[in-house]
Structure formats: structure tokens, C-alpha cells
Amino acid sequence: GPSKVKKTRFSLSRDWEKLDERPKSKVQSPKSTGRIKSRNFFLSTLDIGHWTLDSFMRILLTGCAGFIGSHLTRHLVNKGHDVVGIDNLLTGALPNLKGLYETGRFQYIQANVSDYIHVSGSLDAVLHFASPASPADYMKYPIPTLKVGSMGTHNALGVAKAKKAIFMTASN
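Points about the sheet that holds strand 2 (residues 82–87)
Here is step 1: Across the sheet, which stays open at both edges, the 5 strands sit in the order 3-2-1-4-5 with parallel pairing between neighbours. Both outer strands of the open sheet, strand 3 (106–110) and strand 5 (166–169), are each paired with one neighbouring strand and no more. Going across the sheet, the axis of each strand differs from the next one's by a mean of 15 degrees, ignoring polarity.
Here is step 2: Strand direction decides the pairing type here: strand 1 (residues 58–62) and strand 4 (residues 125–128), joined by 4 bridges, are parallel. Across the sheet, residue T62 finds its bridge partner in strand 4, namely H128.
Here is step 3: Lying over the sheet, helix 3 (residues 67–78) contacts strand 1, strand 2, strand 3 and strand 4, oriented at roughly 170 degrees with respect to strand 1.

With respect to the pairing of strand 1
Here is step 1: The element strand 1 is extensively covered by neighbouring structure, given that 4 of its 5 residues are classed as buried.
Here is step 2: As defined by bridge partners, strand 1 adjoins strand 2 across 5 bridges and the pair is classed as parallel. Within strand 2, the position partnered with I59 by the bridge is V83.
Here is step 3: Following the backbone out of strand 1, through helix 3 and into the adjacent parallel strand 2, one traces a crossover that is right-handed.

Conventions used here
Residues numbered from 1 in each chain as written. Predicted model: local features only at pLDDT ≥ 70, side-chain atom pairs only at ≥ 80, totals over all residues. Heavy atoms only, no water. Pairing = 2+ DSSP bridges. Helix = DSSP H or I, 4+ residues; strand = E, 2+ residues; numbered from the N terminus. Axes fitted to C-alpha atoms, helices over the stretch in contact; angles between N-to-C directions. Contact = heavy atoms within 4.5 Å. Buried < 20%, exposed > 50% of the residue type's maximum accessible area, 1.4 Å probe, protein only. Right-handed = clockwise from strand over helix to strand, strands pointing away.

If you want it as C-alpha cells, here you go:
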């Protein structure tokens with residue numbers, strides 16, 4: 001028969017509990033709200049409907065030095081998770097990771113996820129956020145953008161499969 005998957009909520013913020021207490025008819029998805037008005041929308045309402053990040057997980061986050069990746073890395077570390085961040089610094093920057101090393105819960109690997117991904121030890125989740133993220137970057141780096149969207153995703157999925165980890169990606 002079909003395999004059974006335990007469905008739980010994936011939440012990256014304590015604000016989710018407040019959102020979840022509201023009547024379901026008043027909870028709106030990004031598609032139903034029109035323009036996203038807040039930079040913090042992503043961190044306060046992320047819900048993929050299947051997984052919960054429990055306390056003290058070891059998480060691989062690709063694209064950790066980019067705008068979204070660095071904010072997500074900081075958020076996860078502040079929540080008590082151990083984060084292994086990978087970035088090739090094509091469009092990301094090391095100053096975005098300032099203060100994370102001192103926590104003892106962050107490890108940085110400079111690598112191109114389109115080539116290969118190797119992480120020692122176990123992983124509970126793989127969050128694939130590596131990609132140039134602006135039209136200017138797409139025009140400047142067209143082939144690397146396509147490669148990270150295809151080969152980078154393939155490699156990140158391979159790591160998640162090998163480590164039996166949760167996988168999540170963001171579209172580029």
C-alpha cells in the first residue's frame with residue numbers, strides 16, 4: 001500500500017503559533033495576500049505543511065552568505081540549531097555571516113554546490129537556497145544560475161537522500 005507520511009507543520013518562528021491560533025479562514029497564503037509588504041514575512045510565516053524543525057537539529061543550508069540565506073542561517077542559529085552553511089560567494093558575502101562563528105553552532109564551507117556537496121556527519125535537514133537572486137545577477141551569471149538551479153538542486157537532493165534528511169528548496 002501507499003507509504004504513510006506523518007504530516008506536521010514546518011515553522012521557523014514563534015509567530016507561527018499566533019498565526020495558527022487564528023481561524024483558518026483568516027490565515028492567508030502569500031498568493032492570496034498580493035504583494036508581500038514585509039521583509040520578515042518569510043521568517044514569520046514559512047509553512048510547507050509537512051515537517052517541523054525540532055530543537056537542536058543539524059541543518060545544511062546552501063547559499064548561506066546571500067541575503068535570504070544569511071538571514072535564515074542567523075534565525076536558525078538563534079533558535080538553537082547547528083547550521084552548516086555552504087556558499088561559493090558568487091553573489092553572497094562573508095560579512096553577511098558576521099557574528100555566527102562565535103556562537104559555536106555555525107560552520108562555513110566555501111564550495112560550489114553545482115560541482116559537489118560533501119558534509120561530514122549526520123544531517124537532519126537540507127535547505128537549498130543557493131542561487132543568484134536578482135535579474136542583474138541572472139544577466140551577469142547566466143550559466144552558473146542555470147547550473148545551481150539544476151545540478152545544485154540535484155546535488156542537494158543527493159545529500160538529503162544519503163543523510164535521510166528533510167529537504168526544502170526555494171525557487172530561483
